[in-house]
Amino acid sequence: MMAVDVGGTFTDVVSVSGGVIRTAKVSTRAGDVDAGVIEGAAELGLAGVSVFNHASTHGLNAIITRALPKVGFLTTLGHRDMLDAGRCWRPAAALTDPSWRRSFGDAARPLVRRYLRRGIRERVKSDGSVFTPLDEAHARAELRVLAQCGVQGVAICLLNAYINGAHERRLRELVCEELGAIPCSLSSEISPLAKEYARASTTVVDAFMKIIYGDYARRLDAGLRAEGFSGQLNFADCTANLIPADDAMEAPFRVVFAGPAAGTMGSAHFGRLIDEPNLLCADVGGTSCDISVVIAGQPFVNTTFELEHDLVVNALSNDISSIGAGGGSLVAISPSGDITVGPGSAGAVPGPACYGRGGTKPTMTDICLLAGLLDPDGFAGGKMKLDPALARRAFEALDTPLSFEHRVRYAWDIGLNNIAEGIFNIAIKHGIDLRDYSLMAFGAAGPLLLPALADLIHVKCVIVPPHPGLFSALGLLSADQAYSMSRSAYTILSPAAAPGIARIYADMEARLRRRLGERADIGIVRSFDGQLMGQTWETPFVPVPAGELTGASIETMIANFHAAYAARNGNRFEAIPVQGVTYRLSAVLRTEKVTYAALPERSGSPLEPIGTSVLRFLGDTEETARIYSRDDLRAGDVIAGPAIIREGLSTTYMTRNQTGRVVRHGAIVIRRTRQGVPA
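Residues numbered from 1 in each chain as written. Predicted model: local features only at pLDDT ≥ 70, side-chain atom pairs only at ≥ 80, totals over all residues. Heavy atoms only, no water.

With that settled, consider the overall build of the protein. Counting its secondary structure elements, the protein contains 17 helices and 36 strands. For 679 residues, the compact-globule estimate of 2.2 N^0.38 gives 26 Å, and the C-alpha radius of gyration of the protein, at 26 Å, lies within 12% of that figure. When each of the 679 residues of the protein is scored for burial, the buried share is 55%. Once local pairs closer than 6 in sequence are excluded, the contacts in the protein between residues at least 24 apart make up 66%. Carbon and sulfur atoms form 51% of the exposed surface of the protein, whose accessible area is close to 27700 Å². Separation of charge centres in the protein, based on 67 positive and 70 negative side chains, amounts to 2 Å. (Helix = DSSP H or I, 4+ residues; strand = E, 2+ residues; numbered from the N terminus. Rg over C-alpha atoms; globule rule 2.2 N^0.38 Å. Buried < 20%, exposed > 50% of the residue type's maximum accessible area, 1.4 Å probe, protein only. Contact = heavy atoms within 4.5 Å. Areas by Shrake-Rupley, 256 points an atom, 1.4 Å probe, with all protein chains shown as cover. Lys, Arg positive; Asp, Glu negative; His and termini not counted. Charge placed at Lys NZ, Arg CZ, Asp CG, Glu CD.)

For the rest of this paragraph, the subject is the domain arrangement of the protein. Often, the extent of an interface is quoted as the loss of accessible area on bringing the components together. When the domains of the protein are assigned, the result is domain 1 (69-215), domain 2 (481-589) and domain 3 (611-672). Each of domain 1 and domain 3 has a C-alpha centre, and these two points are 54 Å apart. (Domains from an automatic or database assignment.)

With that out of the way, let us pick up the sheet that holds strand β6 (residues 117-120). Pairing is parallel across the open sheet formed by four strands, whose spatial order is β6-β5-β9-β10. Each edge of the open sheet carries a strand with a single partner, namely β6 and β10 (184-186). Strand-to-strand, the axes of this sheet are offset by a mean angle of 20°, without reference to chain direction. Those strands touched by helix α4 (residues 136-149) are β5 (71-76) and β6, and its axis lies near 170° from that of β6. Across the face of the sheet, helix α5 (residues 166-179) comes into contact with β5, β6, β9 (153-157) and β10 while running at roughly 160° to β9. (Pairing = 2+ DSSP bridges. Axes fitted to C-alpha atoms, helices over the stretch in contact; angles between N-to-C directions.)

In this section: the nonpolar core. Core analysis: the largest hydrophobic core is formed by 114 residues, its most contacted members being Phe52 and Phe235. Among the elements that line this core, the one with the most residues is helix α7 (residues 196-226), at 15 residues. When neighbours within four sequence positions are excluded, Phe52 is seen to be in contact with Met2, Val4, Val37, Ala41, Leu46, Leu224, Phe229, Gln232, Leu233 and Asn234. Membership of the second largest hydrophobic core comes to 69 residues, among which are Leu369, Ile419, Leu607 and Ile627. (Core = buried A, V, L, I, M, F, W, Y, C linked by side-chain atoms within 4.5 Å.)

Attention now moves to α4. Here α4 contains 14 residues, and its C-alpha end-to-end distance of 20 Å stays within 8% of the 20 Å for a straight helix at 1.5 Å per residue. Turning to α4, its buried residues number three or more, namely His138, Ala139, Glu142, Leu143 and Leu146. Looking straight down α4, one finds its buried side chains confined to an arc of 135°; they lie on one side. Summarising the geometry of α4, the exposed residues directed more than 90 degrees from the buried face are Ala137 and Gln148. Of the surrounding secondary structure, the elements contacted by the buried residues of α4 are β5, β6 and α5. Between a side-chain oxygen at the N-terminus of α4 and the backbone nitrogen of Ala137 the separation is 3.3 Å; the capping residue is Asp135. (Expected span 1.5 Å × (residues − 1). Arc of directions from axis to C-beta. Polar contact = N/O pair within 3.5 Å; in protein donor to acceptor, adjacent residues only side chain to side chain.)

A few words now on the pattern of salt bridges. Scanning all chains against the criterion turns up 40 salt bridges. Note that Arg140 and Glu177 form a salt bridge whose closest N and O atoms lie 2.6 Å from each other. With Arg140 in helix α4 and Glu177 in helix α5, this pair connects stretches of sequence that are 37 residues apart. One network of salt bridges, with partners in common, ties together Glu136, Arg140, Arg144, Arg170, Glu173, Glu177 and Glu178. (Salt bridge = Lys/Arg side-chain N within 4 Å of Asp/Glu carboxyl O.)

Ordered by their spatial adjacency, four strands build an open sheet running β29-β30-β32-β33, and the pairing between neighbours is mixed. Two strands bound the open sheet, and with one partner strand each, they are β29 (611-615) and β33 (650-654). For this sheet, the mean inter-axis angle between neighbouring strands, taken without regard to orientation, is 25°. In the sheet, strand β32 (residues 643-647) pairs with β33 via five bridges, with the strands oriented antiparallel. The residue of β33 that forms the bridge with Glu647 is Ser650.

Looking now at empty space enclosed by the protein. Any empty space left between atoms is shown by rolling a water-sized probe over those atoms. Within the structure shown, the criterion is met by four cavities of 30 Å³ or more. Put simply, the largest cavity is a space of about 90 Å³. The wall of the largest cavity is formed by Leu83, Phe104, Pro110, Leu111, Val112, Arg117, Tyr197, Ser201, Val204 and Leu311. In terms of residue count, the dominant contributor to the lining of the largest cavity is α7 (three residues). (1 Å grid on protein atoms, 1.4 Å probe; cavity = no way out; pocket = protein on both sides within 12 Å on 5 of 7 lines; lining within 4 Å. Points joined across faces, edges and corners; volume = space filled by probe spheres on them.)

Once that is clear, we can look at the environment of Gly328. Mapped onto the elements of the fold, Gly328 is located in the loop between β20 (320-323) and β21 (329-333). A relative accessible area of 5% means that Gly328 is categorised as buried. It is 15 Å that separates the C-alpha atoms of Gly328 and Thr651, two residues lying 323 residues apart in sequence. Not counting the four nearest positions on each side in its chain, Gly328 is found in contact with Gly286, Gly344, Ser345, Ala346, Thr363 and Thr365.

Written out as structure tokens, the structure is:
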């Protein structure tokens with residue numbers, strides 16, 4: 001098995017064969033992403049690989065940076081500005097800011113400029129009946145405008161098309177006649193769900209992804225097979241479940257957020273192996289810290305997610321919160337004279353000052369080098385050398401009267417507190433007690449920074465898994481193949497509604513069975529999103545009984561809704577009618593997963609450090625930390641802090657009041673101590 005996680009800076013490739021995990025890390029080629037993937041895969045060898053699982057931030061980065069192809073947008077006449085208005089929400093920080101503008105609005109950086117958004121004369125009513133027939137002459141005239149503008153794809157989202165998509169399907173035929181065989185996304189096919197704006201933004205994102213990933217997927221598949229690959233190419237979706245490449249490219253909006261989701265899936269899988277079902281997952285890279293939660297062994301899944309504030313995509317996704325806190329987070333002085341850390345980042349170019357690539361601003365990486373945590377001669381597996389003198393010069397250049405020592409010390413504390421605040425926010429959002437949860441620390445900088453938070457956030461323990469620097473890629477080898485389908489239809493649940501709901505499920509199941517093909521024996525699970533009559537927010541994933549849908553089945557659905565609503569919100573309102581909004585089907589094909597070899601127990605001589613390091617600026621006094629090599633660790637080893645554990649692509653730091661125990665599958669479990677006794 002092989003998997004790749006394509007980041008903006010590095011491409012991480014992992015291969016598992018016979019229980020042995022091998023890794024490769026290559027630079028991501030901005031203009032030729034598939035070449036970097038093939039290079040890393042070829043380094044590990046593709047002969048005999050049965051599956052190749054792929055996740056990427058390529059499409060996500062294109063949206064964030066607006067490096068997007070030119071796409072046209074067709075909607076019902078009079079509604080083309082829905083992409084500018086969004087849901088008319090402001091973030092909490094902007095409620096009193098009159099200058100605030102949403103990032104994707106026409107006054108900022110629109111995904112589709114207004115002249116490319118064209119209104120078409122037609123109207124379908126909310127019950128699916130046609131109020132105004134499609135004016136084909138008008139539609140052709142608008143398409144000729146888009147042809148003159150040189151659009152590379154078209155997104156179509158007409159009002160109420162989730163009930164009746166006939167006009168959208170006819171428009172696609174007209175697009176083909178007027179513009180040729182260019183990518184075209186229909187909201188009624190890729191996201192037949194209620195709420196117009198979310199459906200429209202999802203359709204636009206899908207059109208972008210068809211253009212960005214379409215040729216890329218074909219080149220990637222051909223390149224892998226030229227190197228000897230003969231297995232199944234899968235793309236991960238936003239829950240890190242796997243979709244065969246051909247299916248994924250039919251609706252590629254589902255893969256746009258796959259990279260961050262993979263780490264959550266890997267954490268859930270590894271947590272089951274070590275009997276840790278409740279996890280806070282923190283992936284700390286160079287620019288950001290992605291925080292998510294695993295409850296009772298399962299990632300918390302949302303029915304939508306935001307790429308930017310109010311830029312909504314209708315796709316099942318792991319609930320992930322990203323904050324600007326990583327190894328490359330910039331240390332600066334605010335106008336009021338305070339030290340700040342992040343959210344700006346030095347990135348890969350020029351990178352932290354100590355990289356010697358032209359960066360002059362200090363970062364968290366510079367702090368870790370000056371503090372004695374990083375090895376200047378062994379960074380990134382010895383591939384890079386770090387310069388402490390450049391890191392010191394960057395801190396000395398800060399415009400502040402603080403002493404050099406205080407600059408470094410305060411920046412370290414502020415950087416850690418930024419991550420702690422992000423973790424607290426996730427805990428509050430989900431209503432969980434941090435003392436019941438373990439913190440999974442991964443990403444290249446996760447094991448370096450996160451154990452020091454244990455005294456701030458009081459989690460049960462901090463877990464550093466094997467290969468933390470490539471743990472998200474390993475997460476792709478911890479997932480199953482998943483197929484899903486959904487459709488909206490507002491329906492008050494009563495026995496009389498059973499035939500209509502049964503027809504919706506029957507139609508979706510027939511379509512899903514066609515996608516499953518030879519796998520038709522796989523069980524299909526039903527659920528629905530419902531709301532109390534008069535509400536606007538749904539309670540998702542309410543179970544639906546299997547078999548024929550009858551009046552008794554509807555009563556069970558109502559009871560299931562009230563139980564799910566109470567579990568989610570703490571109240572029951574059984575006197576209020578229940579309205580079904582979105583009906584869902586899912587099928588899961590279990591796949592082979594990565595296994596982590598059991599470490600042998602230590603025999604003979606005890607674990608010995610490979611050196612020591614004097615730690616500065618991390619506390620009130622200097623202290624000496626013992627340095628260990630992770631390759632030397634054995635199951636049952638206990639390491640008392642302060643200690644540093646080095647490995648090829650990551651470094652783990654334990655404070656003086658912490659103890660790390662190596663468990664059977666190779667993880668380091670770090671707990672706080674009180675007077676030498678684990679807390």
